[in-house]
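Architecture at a glance
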Amino acid sequence: MSQVIDVAKNLINRRSVTPEDAGCQEYMKDWLSESGFSHETMVFEDTTNLWSRRGTQAPVFCFAGHTDVVPSGPEDAWQTPPFEATEKAGYLHGRGAADMKGSLAAMMVATRRFVADYSTHKGSIAYLITSDEEGPFINGTTRVIDTLEARNEKITWCLVGEPSSTKQVGDIVKNGRRGSLTGDLTIKGVQGHVAYPHLAKNPVHDAAPALAELSQTHWDNGNASFPPTSFQISNIHAGTGAGNVIPGTCQVCFNFRFSTEVTDNQLIERVITILDKHGLDYDIKWTFNGQPFLTDKGDLVEATQHAICEATGYETQLSTAGGTSDGRFIAPTGAQVIELGPVNATIHKVDECVKMADLDMLANIYYGILVRLLT
Ligand SMILES: [Zn+2]
């Protein structure tokens, strides 16, 4: 059996539903110790994190990822037991096979092979692993980064193993992500009888022109790496259910996915200006989910493009599409950050699986990146 598949099975068989690690990191430590890594386990509240490093010199190449998985849902809906890795027609089945225990296995095998071939490589290799990527992400990567920053320990290049590929392994590399900002807006009126509107104040009527303006505003043009910033209203709620009552409040929830052409503070300011212009009486609560980041060009992107082409024979494509990832916590330190992992077609679904040949290919690509950057 391929070594990558063997390691992936070992990880999938551990029931590490967020924030449980279920021994995955101990297994990874044992594996990496053989290649001369030293380890620091950082436990924050319910979350287990691992910072492992081989070497003390810069530059630092870091593999980042998570051992936790999302719940399986009803296990009898699965064709094979979600926490028993099973081979079927060239695919490895099990929760986490694609997101992202398969990537962890490919990283581990690539690392061992690389250290065996280039024991005197330059710089350092590191692992930043958390058991809280799929959950509230409060005690995971962000706190490890805080710890590293406090002692001025820097990552030069970071490869996050999130499943970035869409059709074949390596076809897409994420070299950035949009920012995300959520607003919870409450527009205040005065409840009353619909037949006596002069005795009430209708918050829906007050809100409508302001929401129309917000939804039609052009926030920016985007740039070569990001589409224009998008504003979407996700929830509106007002009314008692009765047809003859003017509601007292109107609640609106909206979200920005924003490019690097604007900042969260600029967006907040512009929203407030529009709300004030319409004379609304309101409260607003902001939830900031992450800054946009971009690793435009540079040695990490270049090494990755070359390694993919060498291993697969096709060109990869850079993309900033999709949701947020832990890359948003690492990029602000100045590190170059990319995401490269297997095909994401089945992630978080019933019968999650990954093509076994893809995991071997992924290990070859990771190995190629290490060779380009550290020799
Ligand atoms: Zn993931």
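Residues numbered from 1 in each chain as written. Predicted model: local features only at pLDDT ≥ 70, side-chain atom pairs only at ≥ 80, totals over all residues. Heavy atoms only, no water.

1. As for the overall build of the chain
Helices and strands together make up the secondary structure of the chain, namely nine helices and 19 strands. Viewed in the frame of its principal axes, the chain has a C-alpha envelope of about 80 × 45 × 40 Å. Burial analysis of the chain (375 residues in total) assigns 52% to the buried set. Looking at the chain alone, contacts between residues at least 24 apart form 80% of all its contacts between residues at least 6 apart. In the form shown here, the chain has an accessible surface area of approximately 15800 Å², with 50% of it arising from carbon and sulfur atoms. A distance of 2 Å separates the average location of the 30 positive side-chain charges in the chain from that of its 45 negative side-chain charges. (Helix = DSSP H or I, 4+ residues; strand = E, 2+ residues; numbered from the N terminus. Buried < 20%, exposed > 50% of the residue type's maximum accessible area, 1.4 Å probe, protein only. Contact = heavy atoms within 4.5 Å. Areas by Shrake-Rupley, 256 points an atom, 1.4 Å probe, with all protein chains shown as cover. Lys, Arg positive; Asp, Glu negative; His and termini not counted. Charge placed at Lys NZ, Arg CZ, Asp CG, Glu CD.)

2. Regarding the coordination of the zinc ion
The protein atoms donating to the zinc ion are His66 (NE2), Asp99 (OD), Glu162 (OE) and Glu162 (OE), with metal-donor distances spanning 1.9 to 2.7 Å. In this structure glutamate 162 comes out as buried when scored by relative accessible area, which is 9%. (Donors = N, O, S within 2.8 Å, 3.2 Å for Na, K, Ca; no water.)

3. Comments concerning unusual backbone geometry
Backbone geometry follows two general trends: most residues other than glycine have a negative phi, and most peptide bonds adopt the trans configuration. Of the consecutive residues threonine 18 and proline 19, the connecting peptide bond is found in the cis state with omega at 0°. Mapped onto the elements of the fold, proline 19 is located in the loop between helix H1 (3–12) and helix H2 (24–33). A cis amide bond, omega -10°, links aspartate 99 with the succeeding residue methionine 100. Take methionine 100: it is sitting in helix H3 (residues 97–117). For phenylalanine 137, which is not glycine, the phi dihedral falls at a positive 45°. For phenylalanine 137, the location among the structural elements is in the loop between strand S6 (124–130) and helix H4 (141–150).

4. Let's talk about the nonpolar core
Of all hydrophobic cores here, the largest spans 55 residues; its most connected members are Phe61, Phe63, Tyr127, Leu340, Tyr366 and Ile369. Here the element with the most residues in this core is H3; it accounts for 12 residues. Core analysis: the second largest hydrophobic core is formed by 22 residues, Ala207, Leu214, Phe254 and Ile274 among them. (Core = buried A, V, L, I, M, F, W, Y, C linked by side-chain atoms within 4.5 Å.)

5. Observations regarding the sheet that holds strand S5 (residues 91–93)
Strand order in the open sheet formed by three strands is S4-S5-S19, with antiparallel pairing between adjacent strands. Of all the strands in the sheet, just strand S4 (86–88) and strand S19 (353–355) have a single pairing partner and so form its edges. On average, adjacent strands in this sheet sit at an angle of 30° to one another, irrespective of strand direction. Sitting on the sheet, H1 is in contact with S4 and S5, with an inclination near 15° to S5. (Pairing = 2+ DSSP bridges. Axes fitted to C-alpha atoms, helices over the stretch in contact; angles between N-to-C directions.)

6. A few points about the side chain of aspartate 171
The residue aspartate 171 is located in the loop between strand S7 (157–160) and strand S8 (172–174) in this model. The buried charged residue aspartate 171 lacks any salt bridge partner; its closest oppositely charged side chain belongs to lysine 167, at an N-O distance of 6.3 Å. Among all residues touching aspartate 171, those that are not within four sequence positions of it are Ser165, Thr166, Tyr314, Thr316 and Gln317. (Salt bridge = Lys/Arg side-chain N within 4 Å of Asp/Glu carboxyl O.)

7. Topic: the pattern of salt bridges
Inspection of the entire model under this criterion finds 15 salt bridges. The shortest N-O distance in the salt bridge between lysine 188 and aspartate 283 comes to 3.5 Å. Highlighted residues: lysine 188 in strand S10 (residues 179–188) and aspartate 283 in strand S15 (residues 282–290), separated in sequence by 95 residues. Salt bridges linked by common partners bring Glu40, Arg53, Arg151 and Glu153 together as one network.

8. Description of the packing of H3 against helix H9 (residues 356–374)
Interaxial distance between H3 and H9 falls to 8 Å at its minimum, and their mutual angle equals 45°. Accordingly, the angle class assigned to the pair H3 and H9 is oblique. Here H3 and H9 pass one another in a crossing that is right-handed. Here Gly102, Ser103, Ala106, Met107, Ala110, Thr111, Arg113, Phe114 and Asp117 of H3 come into contact with H9, specifically with Leu359, Leu362, Ala363, Asn364, Tyr366, Tyr367, Leu370, Val371 and Leu374. Among the residues making up the contact of H3 with H9, the classes are represented as 12 nonpolar, four polar and two charged. (Parallel < 35°, antiparallel > 145°, perpendicular 65-115°, else oblique. Left-handed = near helix turned anticlockwise from the far one by under 90°. Nonpolar A, V, L, I, M, F, W, Y, C, P; charged D, E, K, R; others polar.)

9. Examining the environment of alanine 357
Note that alanine 357 resides in helix H9. For alanine 357, a relative accessible area of 48% puts it in the partly exposed group. It is 9.2 Å that separates the C-alpha atoms of alanine 357 and isoleucine 5, two residues lying 352 residues apart in sequence.

10. Digging into the pairing of strand S2 (residues 47–54)
Where burial is concerned, most of S2 is hidden: seven out of the eight residues are buried. Here strand S1 (residues 38–44) folds back onto S2 in antiparallel fashion, the turn holding two residues, of which glutamate 45 has a positive phi close to 55°. Sheet topology note: the S2/S6 ladder contains six bridges and is antiparallel. Residue pairing across strands places arginine 54 opposite isoleucine 125, the latter belonging to S6.

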